[in-house]
Amino acid sequence: MALRVVLADDSYLVREGVAALLARAGGVEVAATADDLPGLLAAVAEHRPDAVLTDIRMPPTGTDEGIRAARTIRRDHPDVGVVVLSQFAEPDLAYDLLGESAEGLGYLLKSRIGDVEQIVRALEDTARGGSALDPEIVAALLAGRRRAPGSPLGALSPREREVLALMAEGKNNARIAADLTVSVRAVEKHINAVFGKLGITEEPVVHRRVKAVLLFLDDEGLLASG
């Protein structure tokens, strides 16, 4: 069955262009579009899609409607994944979105729209309860945290940091192994080392792969400078 998606952006051209790209990708049905926060929430309630793709800034205020929509949708329709698009890499907004729970949520840059496969993969992953975080945001967060005095990231080896970045992108162990040209067993060992060094315990709800990055970022000074 096709992945049913509700698309929200206040620009008519962006909405139509992205809808056309998704339609051509195959396996995706755009069930409805919206141009503001109330319209998005109404469309989700009416059409019950598998996932939502929304701009981070829309009317009525043009500030953080995408994040507020994601929180509301995940609360009221927990089976619906939400991918938020942002024009710029804004780590503080990424933490606002994913800090409490990354389950079923994604945060990508708008520049990824041209890479339809990545957008579709993020929608599929969040619809299954996974998560997706843009590689550029991951890189900025990791670089900033390495510079922070006393950072727990300093305990990680270079390879563990590579694995952590790929984990935060929502990649599974097999994908990480392929990207790094190592065995899946080696990836599992690195992941266990990362969780151990960062003190991340088993939690049934929170998506630990993204939390492994986001737990470092509860530092207002770092987030503001990201």
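Placed above this text is the structure.
This is a predicted model, so every value here is computed, not measured.

What counts as what
- By convention here, each chain's residues receive numbers from 1 onward along its written sequence.
- The model is predicted, so local features are restricted to residues of pLDDT at least 70 and side-chain atom pairs to those at 80 or more, both for listing and for counting; the totals for chains, interfaces and linings are taken over all residues.
- To get the side-chain values, take all heavy atoms of the structure and skip hydrogens and water.
- Categorising residues by exposure relies on relative accessible area from a 1.4 Å probe, with only protein chains included: less than 20% of the type maximum marks a residue as buried, more than 50% marks it as exposed, and the intermediate range marks it as partly exposed.
- Segments assigned H or I by DSSP are reported as helices when at least four residues long, segments assigned E as strands when at least two residues long, and all are numbered from the N terminus.
- DSSP-based pairing: two strands are paired if at least 2 bridges between them are found.
- Residues belong to one nonpolar core when they are buried, are Ala, Val, Leu, Ile, Met, Phe, Trp, Tyr or Cys, and are joined through side-chain atoms within 4.5 Å.
- The contact criterion used is simple: two residues touch if any of their non-hydrogen atoms lie within 4.5 Å.

### A closer look at the pairing of strand S5 (residues 105–109)
- A large share of S5 lies buried, amounting to five of its five residues.
- Burial along S5 is two-sided: the residues Leu105, Tyr107 and Leu109 and Gly106 and Leu108 are all buried.
- Pairing analysis gives five bridges linking strand S4 (residues 81–86) to S5, with the strands arranged parallel. For valine 84, the partnering residue across the bridge sits in S5 and is tyrosine 107.
- Note that S5 and strand S6 (residues 131–133) share three bridges and pair parallel. Looking at S6, one finds that leucine 105 is bridged to serine 131.

### Remarks on the nonpolar core
- Counting residues in hydrophobic clusters, the biggest one holds 28 residues, and the most contacted among them are Leu40, Val52, Ile73, Leu97 and Tyr107.
- Listed by contribution, the elements that provide at least two residues to this core are strand S1 (3–8), strand S2 (28–34), helix H2 (37–47), helix H3 (65–76), S4, helix H4 (91–98) and S5.
- When residues no more than four places from it in sequence are discounted, the contact partners of valine 52 are Val6, Leu40, Val44, Ile73, Val80, Gly81, Val82, Val83 and Leu123.
- Ala19, Leu53, Val83 and Ile119 belong to the second-largest nonpolar core, a separate cluster that totals 19 residues.

Limitation: the analysis is restricted to geometry and does not speak to function.
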